[in-house]
Amino acid sequence: MRFSQYQYLCRHMFETDDTGNIRQHYNSVEAELLPPLVLAYIGDAYFHLFVRTRLLLFEKNKVQVLNDFGAKIVSAVYQAYAYKNLKEELTLQERDIFRRAYNAKSHAPRAASIADYHTSTGIEAIIGYLQLTDNTVRLNKLCERAFQLIIKKIEQEYL
């Protein structure tokens, strides 16, 4: 996106209607039509909240410990590990969402390999899609499986 396009979108993001209320640009969100990186944006936020909430069953007082483990669990490296152990359990639709997100043009951070970053983007896109389509049973099952796989991997590394 060109910078001028970015500026235009920022200026017109929250326009008001005739009554002074902020006008939405869309009446609904159709997950099937969203770009894969937008699905990953939602999935990343959901998985962060899932992990933080889940960690409260292990520690309730030490925010630093919660933050350290939370950051580790949601890292691209551990999400990629979870995906490699979950991929056979994914539906055809989830595999397609993963593939589109994995192949989407994005920039990997320095903390992870490009492959791990793209893999984590793919799993986050699946989570985002499931959240936006209110498929809570599948969403919780997938997030819990990923959480368990990652926790076991972390535990092995500390031994």
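Residues numbered from 1 in each chain as written. Predicted model: local features only at pLDDT ≥ 70, side-chain atom pairs only at ≥ 80, totals over all residues. Heavy atoms only, no water.

This paragraph deals with the environment of Glu-15. The topology assignment puts Glu-15 in the loop between α1 (3-12) and α2 (36-55). By relative accessible area, Glu-15 is classed as partly exposed at 25%. Placed 79 residues apart in sequence, Glu-15 and Glu-94 show a C-alpha to C-alpha distance of 35 Å. Setting aside its immediate chain neighbours within four residues, Glu-15 contacts Asn-21, Ile-22, Arg-23 and His-25. At a separation of 2.7 Å, a polar atom in the side chain of Glu-15 contacts the side chain of His-12. In terms of polar contacts, Glu-15 uses its side chain to reach the side chain of Arg-23, at 2.6 Å. (Helix = DSSP H or I, 4+ residues; strand = E, 2+ residues; numbered from the N terminus. Buried < 20%, exposed > 50% of the residue type's maximum accessible area, 1.4 Å probe, protein only. Contact = heavy atoms within 4.5 Å. Polar contact = N/O pair within 3.5 Å; in protein donor to acceptor, adjacent residues only side chain to side chain.)

Right, let's talk about a nonpolar patch on the surface for a bit. Together, Met-1, Phe-3, Tyr-6, Tyr-8 and Leu-9 make up an exposed nonpolar region whose accessible area comes to about 640 Å². For Tyr-8, the location among the structural elements is in helix α1. For Tyr-8, a relative accessible area of 47% corresponds to the partly exposed category. (Patch = residues over 30% accessible without salt bridge, like charges linked within 9 Å, V, L, I, M, F, W, Y side chains within 5 Å. Areas by Shrake-Rupley, 256 points an atom, 1.4 Å probe, with all protein chains shown as cover. Salt bridge = Lys/Arg side-chain N within 4 Å of Asp/Glu carboxyl O.)

Averaged over every residue, the pLDDT of the protein is 94; residues scoring 70 or more account for 99%. Ranking the helices and strands of the protein by mean pLDDT puts α2 first, with 98, and α1 last, with 90. (pLDDT = per-residue confidence, 0-100.)

Turning our attention to unusual backbone geometry. Positioned with a positive phi, Asp-134 is a non-glycine residue whose angle comes to about 60°. Mapped onto the secondary structure, Asp-134 falls in the loop between α6 (114-132) and α7 (136-158).

Before going further, it helps to spend a moment on the packing of aromatic side chains. Per the stated rule, a full pass over the model turns up seven aromatic pairs. Their ring planes at 80° and their centres at 6.4 Å tell us that Phe-50 and Phe-147 sit as a pair that is edge-to-face. In this pair, Phe-50 sits in helix α2 while Phe-147 sits in helix α7, placing the two residues 97 residues apart along the sequence. Residue Phe-50 shares its accessibility class with Phe-147, and that shared class is buried. Through successive ring pairs, a cluster of aromatic residues spans Phe-47, Phe-50, Phe-58 and Phe-147. (Phe/Tyr/Trp six-rings, centres within 6.5 Å; stacked < 30°, edge-to-face > 60°.)

To continue, consider the pattern of salt bridges. Taken as a whole and judged by the stated rule, the model has seven salt bridges. Of the charged contacts in the structure, one is a salt bridge between Asp-116 and Lys-84, with a shortest N-O distance of 3.6 Å. Note that Asp-116 is positioned in helix α6 and Lys-84 in helix α4 (residues 76-86), a separation of 32 residues in sequence. The residue Asp-96 makes a salt bridge to Arg-100 at a minimum N-O spacing of 3.7 Å. Linking Asp-96 with Arg-100, this pair stays in helix α5 (residues 92-103), spanning four residues, or about one helical turn. With relative accessibility at 29%, the residue Arg-100 sits in the partly exposed group. Salt bridges linked by common partners bring Asp-96, Arg-99 and Arg-100 together as one network.

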